[in-house]
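Each chain, written out:
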Amino acid sequence: MSGEAVVDALPYIDQGYDDPGVREAALAMVEEECRRYRPTKNYLENAGPEPSTAFETPALHREMERVQQRLPMEPLSMKRYELPPPPTGRLGEPTAWTEAVDNSHAQLSHQAIRVLNLELQLQYSSEAWRSYLNVLQALVERSQNVHAQLRKQIAAVNWERKRSQTASGARLRALRRRWAQLVSDNYRLERAIMQLEIQLEKAKGQVSSDGGETPDMDLEAVKNLPDKFNSDTEKEVQKKIEDMFAD
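Predicted model only: the values in this text are computed from it and were never measured.

K.L.:
Which parts of the structure should I look at to understand the overall build of the protein chain?
P.N.:
Across its full length, the protein chain holds five helices and zero strands. Counting from the amino terminus, the protein chain carries its helices and strands in the arrangement α-α-α-α-α. In the protein chain, buried positions account for 9% of the 247 residues. Partitioning the intrachain contacts of the protein chain with sequence separation of at least 6 by distance along the chain shows that 64% fall at a separation of at least 24. Summed over its atoms, the accessible surface of the protein chain is roughly 21,900 Å², and 58% of this surface lies on carbon and sulfur atoms.

K.L.:
What am I meant to see in the pattern of salt bridges here?
P.N.:
Side chains carrying opposite charge are able to pair once their charged atoms draw close together. Taken as a whole, this structure holds eight salt bridges when the rule is applied. The closest approach of N and O atoms between arginine 188 and aspartate 185, which form a salt bridge, is 2.2 Å. Highlighted residues: arginine 188 and aspartate 185, both in helix H3 (residues 94-210), separated by three residues, approximately one helical turn. Classification of arginine 188 by relative accessible area gives partly exposed; the value is 31%. In the salt-bridge network here, residues are joined through shared partners; they are Glu32, Glu33, Arg35 and Arg36.

K.L.:
Explain the side chain of arginine 66 here, please?
P.N.:
Take arginine 66: it is sitting in helix H2 (residues 58-68). Engagement of the side chain of arginine 66 in a polar contact is seen with the side chain of glutamate 63, the distance being 2.4 Å. Within the structure, the side chain of arginine 66 is placed 2.6 Å from the backbone oxygen of leucine 71, a separation counted as a polar contact. Here arginine 66 is in contact with Leu71, Pro72 and Met73, once residues within four sequence places are set aside.

K.L.:
Looking at this model, I keep getting lost on a nonpolar patch on the surface. Mind explaining?
P.N.:
A cluster of nonpolar side chains, contributed by Trp129, Tyr132, Leu133, Val135, Leu136 and Leu139, occupies part of the molecular surface with about 560 Å² of accessible area. One can find leucine 133 in helix H3. Among the residues examined, leucine 133 registers a relative accessible area of 38% and is labelled partly exposed.

Criteria and cut-off values
- Counting starts from 1 at the beginning of each chain's written sequence and moves along it residue by residue.
- Reporting of local features is limited, given that this is a predicted model, to residues whose pLDDT is at least 70; pairs of side-chain atoms are given and counted only at 80 or more, and all residues count toward the totals for whole chains, interfaces and linings.
- Excluded from the side-chain calculations are hydrogens and water; all other atoms, namely the structure's heavy atoms, are used.
- Put simply, DSSP marks the helices as runs of H or I at least four residues long and the strands as runs of E at least two long, and each gets a number from the N terminus on.
- A simple rule labels every residue: compare its accessible area, found with a 1.4 Å probe on the protein chains alone, to the largest value its type can have, and call it buried under 20%, exposed over 50%, or partly exposed in between.
- Any pair of residues with heavy atoms lying within 4.5 Å of one another is described as a contacting pair.
- Here the open area of atoms and residues is found with the Shrake-Rupley method and a 1.4 Å probe, where only the protein chains shown may cover a residue.
- A side-chain nitrogen of Lys or Arg and a carboxyl oxygen of Asp or Glu constitute a salt bridge if their distance falls within 4 Å.
- Here a polar contact is recorded for every N or O atom pair within 3.5 Å, except that within protein the pair must consist of a potential hydrogen donor and a potential acceptor, and residues adjacent in sequence are included only if both atoms are side-chain atoms.
- Surface patches are drawn from residues lacking salt bridges whose relative accessible area is over 30%; two like charges belong together within 9 Å, two nonpolar side chains (Val, Leu, Ile, Met, Phe, Trp, Tyr) within 5 Å.

From the geometry alone we can't say anything about function, so treat these as descriptive.
Quick look at the structure:
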């Protein structure tokens, strides 16, 4: 897939993070990424509309408009607690006195309900509060259990990752040593083939010059011939291969 990042790091077995220059290289990569990232003034312009309008009630909408227009807040209305008499111009009307009496009945009923609520609170509020605390305690315990289960799952995932990476690290080290051994074997095989080719060429030249007689081969001279690895000896080449793929 285009743009897909291939993660090949094994943090439980990888080495070299503390080597000189590694931190500087990582910081340089971060700085380069920051230079290439050019955010716009409104970085949320492609995020779509905000879903907050779904929770706006008509009262909240009116209050937001009031705040936006910098209007003062309306004072608390105490009209429902007042017992005004009929207006001066309607003192002789029975209907006006009937409305005043109905208003007083409503106020008395409201105060009676408030007194009843206070009495019920004095009688049952402690038990209701204790029941509410029990519900909260049950919710806390359930949340703690869920949290503990999640921590156990995270620990299990980490242990499984560590076990898998440790096993993979052992296999990678074994394959690395095997690869180095095969490279060394190939080097020795190529060296032996070169020695045989040189001996064969020398033998052919001596046969043609001596009339068909094959002399003894100078093995010591062949061993000292330069090879393809810049005249290094076999032990030096083997050490180079082992150092190249050392753990």
